[in-house]
Every structure is written in structure tokens, then in C-alpha cells.
Amino acid sequence: MNYDKYFSSRVKGLSQSGIRKYFDLLNDLEGGISLGVGEPDFITPEPIREAAIKSIEDCHTKYTSNAGLPELRKAIAKYQKMFIGVDYDPDTEIVVTVGASEAIDLAMRSLLDEGDEVLILEPSYVSYEPDVKLCGGKVVPIYLKADNKFRLTAEMIENAVTPKTKALLLAYPNNPTGAIMEKEDLEKIVPAIIKHDLIVISDEIYSELTYGKHHVSIASLPGMRERTIVLNGFSKSFSMTGWRMGYFCAPKEISEQMYKIHQFLIMCASTAGQHAALFALNNAFENDFKYVKEMRAEYDKRRRYMVDSFREMGFEVFEPEGAFYVFPCIKSLGMSSEDFAYELIMKKKVLVVPGEAFGEAGAGYVRCCYATDLERIKTAMGLIKEFVEEIRLQKGKK
Ligand SMILES: Cc1ncc(COP(=O)(O)O)c(C=O)c1O
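Residue positions are given per chain, counting from 1 as you read along its sequence in written order. Where totals are concerned, whole chains, interfaces and linings use all residues; where local detail is concerned, this predicted model gives features only for residues with pLDDT of at least 70, and gives and counts side-chain atom pairs only at 80 or more. Side-chain descriptors were evaluated using all non-hydrogen atoms of the structure, hydrogens and water having been removed beforehand.

## Examining the packing of helix H3 (residues 46-57) against helix H10 (residues 271-287)
Okay, so step 1: Orientation is described by axes fitted as lines to C-alpha atoms, over the contacting stretch for helices, and by angles from 0 to 180 degrees between their N-to-C directions. Here a strand is any run of E in DSSP of at least two residues, a helix any run of H or I of at least four, and the numbering for each starts at the N terminus. The interhelical angle for the contact between H3 and H10, taken along N-to-C directions, is 135°, at an axis separation of 8 Å. Here H3 is positioned oblique relative to H10, judged by the angle of their axes. In this structure, H3 meets H10 at a crossing whose hand is right-handed. Across from Pro 47, Ile 48, Ala 51, Ala 52, Ser 55 and Ile 56 in H3, the residues of H10 making contact are Ala 272, His 275, Ala 276, Phe 279 and Ala 280.
Okay, so step 2: Residues that form the contact of H3 with H10 fall into these classes: nine nonpolar, two polar and no charged. Each angle gets one of four labels, with under 35 degrees taken as roughly parallel, over 145 as roughly antiparallel, 65 to 115 as roughly perpendicular, and the rest as oblique. Less than a right angle of anticlockwise turn of the near helix away from the far helix marks a crossing as left-handed, whereas a clockwise turn marks it as right-handed. Whether two residues are in contact is decided by their heavy atoms, any of which lying within 4.5 Å being enough. In this count, Pro and Cys sit with the nonpolar residues alongside Ala, Val, Leu, Ile, Met, Phe, Trp and Tyr, while Asp, Glu, Lys and Arg are called charged and the others, Gly among them, polar.

Below you can see the structure in the form of C-alpha cells.
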């Protein structure tokens, strides 16, 4: 049967995730170490797991309100007020979604018509581009540079914007670079955003994972709340990736449009997951974010270790200040990051992700995730060091 004719050109136009291929390779090799998957190694803390179990035992097995449990939306509003200093009405401006992933998709679908342009930072998270393309939108990449700390400037926006640009996808702390934008950096881009009347989709999923500096949301700056969709969730901050709990906060007018799609598509996020998320937040209010703080401190140790190890090997390493990735530049080895990643898996069974998986601007870099325990990171770094020495020796001999 010729299946090809059935599929939409938008779907056929998508390529497989650049990350998946490498995961499959590693799965075929026994005893490998993955620095690949962007997922906390911590198990969801026990009291949060128990809250979900209790909700099931208490027979909370039905749909919730489409926007999510009212108590959960209230807790999210309280959290956002505390954390980014922005007030959102839990009844009309917050919707609980299936991970931040659903919220990214809802934002694109509600904003884009055929040919509308979205500014996407490169390198950045793998789902933005396909989400835009599935809506018939056009991705306009903005290439970020390590010498500018992978931060966005007003000039970059000015150079990329056209009359068709509708939105800017701002993703800080950034996956894969670990870059952050500080308040002064955000203040400098606000006039360009307002001048060109853009909506900002701000993916703040790593906002709890910053090292030394508190996350600042662009929504908190004057004139920005009304034009910003804040995306966040529980995957990274509470180690709850598998629960698929996310949310968005946006002005009522935007929220209403995104909500319509969510209602038809999803109905509501999982009920047990919402009870777990509700407990996670309320518990964090009571114990001053104990679990988050413990995880952050542990990530910070691993971050330091990995950055120092790559520097000792002689690589240029941008200092990541957020998320859980190190993004060393391997250009000095004279090989592509695809080849580096492939040979590293085949020879040392260590998985890193080539920077190209996050867009062209990632070429010459590899993403190494430190959401793995320190002992394994130490072993992996030892193997990478051996690998690099072997490459250098080979190149020297030629
Ligand atoms: C930048 C970024 N945004 C969104 C997501 C997806 O998050 P969720 O698990 O909430 O769907 C990820 C997952 O790795 C991510 O790195």
C-alpha cells in the first residue's frame, strides 16, 4: 500500500528528533553511560508520590475541570506571584497542561496562521521548530553566540523581525546551553519587542534551576505581562517528568484562545498527577522548597565538576548558569560534533548529544546533561578524557 499519499505535507516535512538516534545507539550497547537525556535522575520525592496514591484511594478518578483543579491553579498563582512577582487570576489566566510541551503547542496553534513567523533562538530545545511548522508557521532562527553568553540582544531581534513576525520564543534558562538572561539583558530587549508588537512565549521550565542568580521572567517587566505567555511545569523543578504536569499563565484574552484548544484536545491533565502537583507546591510553601533546594545544590556540584573536567581537557566551556547542561565547544579537535558523539558512543559507550540537534548554531558543541549521579559523571568524564587523548594522538600522528 502506498501510505505516502495519505500523510500531510506538514508532517512529512518533519524530521525525527536529532536526539533519538543517539539514544537508540546507546540502548544497543550494554553498560553505557548517558549524559544525553534531559531528565532529572532524582525520583519524585516520596510524599509527592504518596499524594497521588492517596488521591486514587480517595476515588479521585474522574476528569477535573478542564483548566485543572481550582486549588492547583490557586497554588500556581501563589507560586508565580512569589517566584516571578507577577499576579495571574487562577480562574481566567492559568491552565494546567500535559507538560510544558502541550503549552508550547497551544501557544503556537493559538497564534499562528499560514506563513506567520516566529523568532526562535538557536541553539534551543528540539520541539519549538516542529510545533511552529505543524501550524504552517515559519521559523526564523536567531543565532546565539558563546562570546555573548548565548544571550539575546535587541539588535538580533531587529535584524530578524519582519512584518510577518508574530512571536518570539524566549527560552531561559536555556536547553542546551545553560545560559540565562539577567534583568538588565531582558530590559534591553523589551523596547524592540514592544516596538514590533510581538507576543513572547517564555519557556521557563528550568526557572528553579539557576545557580547563584534568581530567575527573572520577562513577564515581570513593565509593559510585558500583557504580551507574554509564561510556560512552566513540574518536570524539572520537582523531578516529575513522567507525570506530565505543566501549565501556562497568560493574560485572559490569550489564555481563552489557548484554553479552547486544550479543552477539545486534552479535556484535562491527569487527575492523579494534578493532586501530586498540588501537594508538591503546597508542601514546598510549607518547607521552604526543601526538595528543590536539595536538588539544586546537588546539580550545582555536578555542574562544577563537569565544567572543570572539560576545561582541564583544554576545551572552551561556556559557564552555564541554569538548567542542567554543559555545552563545551569541541571545534579544536577538528571533528564535527556528530562524529564526536558517534565515535564516543561506539568507543567508550558514553552518550552526549551533538549541538546540531538543537539547530545549526549548535555545530561544534556537544550537550552533556548532568542530571546523572556524580559517580557516573566522574566515570563518564574519565572516559571522555581518554577518548579525547586518543583523538589528539591520532591527529598528531597524521
Ligand atoms: C526547554 C524545555 N522546554 C520544555 C520541555 C518539556 O517539558 P515537559 O516535561 O513539561 O513537557 C523540555 C524538556 O526537556 C525542555 O528542555
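There's more to say after this.
## Description of the site of the ligand
Okay, so step 1: Gly 99, Ala 100, Ser 101, Tyr 125, Tyr 128, Asn 175, Asp 203, Ile 205, Tyr 206, Ser 235, Lys 236 and Arg 244 make up every residue found near the ligand.
Okay, so step 2: A distance of 2.8 Å separates an oxygen atom of the ligand from a polar atom in the side chain of Asn 175.
Okay, so step 3: Within the side chain of Lys 236, one N or O atom sits 2.6 Å away from an oxygen atom of the ligand.
Okay, so step 4: Contact with the protein chains covers 93% of the free accessible surface of the ligand, which is 400 Å².
Okay, so step 5: Examining the composition of the shell around the ligand, we find that three residues originate from one element, helix H5 (residues 99-111), more than from any other.
Okay, so step 6: Grouping the constituent residues of the shell around the ligand by class yields five nonpolar, four polar and three charged. Nearness is judged by heavy atoms alone; a residue qualifies as near a molecule or strand once a single heavy atom is within 4 Å of it. Here a polar contact means two N or O atoms within 3.5 Å. Within protein one must be a hydrogen donor candidate and the other an acceptor candidate, and residues neighboring in sequence count only if both atoms are side-chain atoms. Here the Shrake-Rupley method, with its probe set to 1.4 Å, supplies the accessible areas, and only the displayed protein chains count as covering residues.

## Let's talk about the packing of helix H2 (residues 20-27) against helix H12 (residues 337-348)
Okay, so step 1: Between H2 and H12, the least distance of the axes is 10 Å, while the angle of their chain directions is 15°. By the angle between their axes, H2 is roughly parallel relative to H12. The element H2 and its partner H12 pack so that their crossing is right-handed. Residue-level inspection shows Lys 21, Tyr 22, Leu 25 and Leu 26 of H2 in contact with H12, the latter providing Glu 338, Ala 341, Tyr 342, Ile 345 and Met 346.
Okay, so step 2: Taken together, the residues of the contact of H2 with H12 break down into seven nonpolar, no polar and two charged.

## What about the domain arrangement of the protein chain?
Okay, so step 1: As assigned here, the protein chain comprises domain 1 (3-43 + 291-397) and domain 2 (46-287).
Okay, so step 2: Taken together, the 34 residues of domain 1 in the interface contact 40 residues of domain 2.
Okay, so step 3: With both sides pooled, the region where domain 1 packs onto domain 2 buries about 3,200 Å², and carbon together with sulfur makes up 61% of that total.
Okay, so step 4: Buried surface area refers to the total accessible area, computed with a probe of radius 1.4 Å, that the two partners give up upon joining, counted for both partners together. Broken down residue by residue, the surface that domain 1 buries against domain 2 is led by Arg 10, Phe 318 and Glu 321, which jointly contribute 23%.
Okay, so step 5: We define a salt bridge as a contact between a side-chain nitrogen of Lys or Arg and a carboxyl oxygen of Asp or Glu at a distance within 4 Å. Across the domain 1-domain 2 interface, the total number found is four salt bridges.
Okay, so step 6: Across the salt bridge formed by Arg 10 and Glu 114, the nearest N and O atoms sit 2.3 Å from each other.
Okay, so step 7: Scanning the region where domain 1 abuts domain 2 turns up 18 residue pairs in polar contact (both at pLDDT 80 or more).
Okay, so step 8: Of all the elements in the fold, those that place two or more residues in the side of domain 1 that touches domain 2 are helix H1 (9-12) and helix H11 (290-312).
Okay, so step 9: Residue contributions to the side of domain 1 that touches domain 2 peak at seven residues, all from H11.
Okay, so step 10: A per-class count over the side of domain 1 that touches domain 2 returns 21 nonpolar, five polar and eight charged. These domain boundaries are the output of an automatic or database domain assignment.

## Notes on the packing of aromatic side chains
Okay, so step 1: Here a Phe, Tyr or Trp ring, Trp counted by its six-membered ring, pairs with any other such ring whose centre lies within 6.5 Å, and the pair is stacked when the planes are under 30 degrees apart, edge-to-face when over 60, and tilted otherwise. One pass over the full model with this rule turns up 18 aromatic pairs.
Okay, so step 2: An aromatic cluster is defined as three or more aromatic residues linked by ring pairs; in this entry it consists of Phe 42, Tyr 206, Tyr 299, Phe 324, Tyr 325 and Tyr 370.
Okay, so step 3: A ring has a charge above it when a Lys NZ or an Arg CZ is no more than 6 Å from the ring centre and no more than 35 degrees off the ring normal. Sitting above the plane of the Phe 285 ring, Lys 78 keeps its charged end 4.2 Å from the centroid.
Okay, so step 4: Just above the ring of Phe 315 sits the side chain of Arg 392; from NZ or CZ to the centre is 5.2 Å.

## A look at the pattern of salt bridges
Okay, so step 1: One pass over the full model with this rule turns up 34 salt bridges.
Okay, so step 2: A salt bridge links Arg 109 to Asp 105, with the nearest nitrogen and oxygen atoms 2.8 Å apart. With a gap of four residues between them, Arg 109 and Asp 105 both fall in helix H5, about one helical turn apart.
Okay, so step 3: When accessible area is computed with a 1.4 Å probe and restricted to protein chains, residues below 20% of their type maximum are described as buried, those above 50% as exposed, and intermediate ones as partly exposed. Overall, the relative accessible area of 40% leaves Arg 109 in the partly exposed class.
Okay, so step 4: The class for Asp 105 is buried, based on a relative accessible area of 14%.
Okay, so step 5: Residues participating in the shared-partner salt-bridge network are Asp 300, Arg 303, Arg 304, Asp 308, Arg 311 and Glu 319.

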